[in-house]
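Take a look at the letters that make up each chain.
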Amino acid sequence: MKRVAAELRVDFVNGSVAHRLRFGGGRGQDLAKAMGLRAGKTPIIIDATAGLGRDSFLLASLGAQVTMIERSEKMHALLTDGMERAASEGGQLREIIGRMTLMKGDAKDLIPELSGEAILIDPMHPERKNSALVKQDLRQVREIVGTDDDAADLVRLAIKHARKRVVLKWPAKADPIEGVQACSHQIRGKTTRYDVFMIG
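What you see is a predicted model, and the numbers here were worked out from it, not measured in a lab. (Residues numbered from 1 in each chain as written. Predicted model: local features only at pLDDT ≥ 70, side-chain atom pairs only at ≥ 80, totals over all residues. Heavy atoms only, no water.)

A. Broad picture of the overall build of the chain. Per the secondary structure count, the chain includes 8 helices and 7 strands. Looking at the chain as a whole, 48% of its 200 residues qualify as buried. Within the chain, contacts between residues at least 6 apart in sequence are counted, and of these 68% link residues at least 24 apart. Working note: accessible area of the chain is about 10800 Å², and carbon and sulfur atoms make up 50% of it. (Helix = DSSP H or I, 4+ residues; strand = E, 2+ residues; numbered from the N terminus. Buried < 20%, exposed > 50% of the residue type's maximum accessible area, 1.4 Å probe, protein only. Contact = heavy atoms within 4.5 Å. Areas by Shrake-Rupley, 256 points an atom, 1.4 Å probe, with all protein chains shown as cover.)

B. Summary view of the pattern of salt bridges. Taken as a whole and assessed by the stated rule, the structure comprises 13 salt bridges. Among the ionic pairs, R71 bridges to D150, the shortest N-O distance being 2.9 Å. Of this pair, R71 sits in the loop between β2 (66-70) and α4 (73-88) while D150 sits in the loop between α7 (136-145) and α8 (151-161); the two residues are 79 residues apart in sequence, bridging distant segments of the chain. A salt bridge links D106 to K108, with the nearest nitrogen and oxygen atoms 3.7 Å apart. Owing to a relative accessible area of 25%, K108 belongs among the partly exposed residues under this scheme. (Salt bridge = Lys/Arg side-chain N within 4 Å of Asp/Glu carboxyl O.)

C. Representation of the sheet that holds strand β3 (residues 100-104) within the structure. Pairing is mixed across the open sheet formed by 7 strands, whose spatial order is β3-β2-β1-β4-β5-β7-β6. Looking at which strands have only one partner, the edges of the open sheet turn out to be β3 and β6 (185-188). Within the sheet, the average angular offset between the axes of one strand and its neighbour, ignoring direction, is 20 degrees. Pairing between strand β4 (residues 118-121) and strand β5 (residues 165-171): 4 bridges, direction parallel. Note that in β5 the partner of I119 across the bridge is V166. (Pairing = 2+ DSSP bridges. Axes fitted to C-alpha atoms, helices over the stretch in contact; angles between N-to-C directions.)

D. Region of the structure containing the pairing of β6. With 4 bridges connecting them, β6 and strand β7 (residues 192-198) associate as antiparallel partners. The residue of β7 that forms the bridge with Q186 is D195. The antiparallel pairing of β6 with β7 creates a hairpin that spans 3 residues between the two strands.

E. How the structure looks around the packing of aromatic side chains. Within the structure shown, the criterion is met by 1 aromatic pair. Ring geometry for F12 and F57: centres 4.9 Å apart, planes at 10 degrees, overall stacked. On the criterion of sequence distance, the pair formed by F12 in the segment before α1 (15-23) and F57 in helix α3 (residues 54-61) is long-range, its members being 45 residues apart. Accessibility expressed as a relative area gives 2% for F57, which makes it buried. (Phe/Tyr/Trp six-rings, centres within 6.5 Å; stacked < 30°, edge-to-face > 60°.)

The following block contains the structure:
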């Protein structure tokens, strides 16, 4: 019998996000280091491809003000719902959600209007050879948003407008995106790497 996939929802209260909040390792995590969060430094961040909002939530939990951009109508609605539910829990969750701002639209149109010190881009990654590796919820996101064929354009635009850095989140073993300058440095994890482009 084929299992029916659970309805996709954005959940900041339970599951992997809650676990990462409690046990994630704070500013020592690869994402936080890539984005430039360190002692005494908390950049203003734009998450250009919000998706399920997990990276934004993590960064906001570490004190950053994060503006999330999502162009898919459906993902935007799921994020709005998830943020409202988390805020209604009160306490620490309300505080974290209070540092997150969600905008609907194409990041390429919105980034020039915003003043972000650090811009995070996490495009839909190229299909893996072994699709069993891709988690159920990420497959569902891909079904909603499709592939990000304009990722190179977005990275180039972000490099032009970010005040301090642009970070591209990408599979550890994938080739660099074509048509984008070489990054300044990389932070590599087991499955994910962060290509960091320092500005100025």
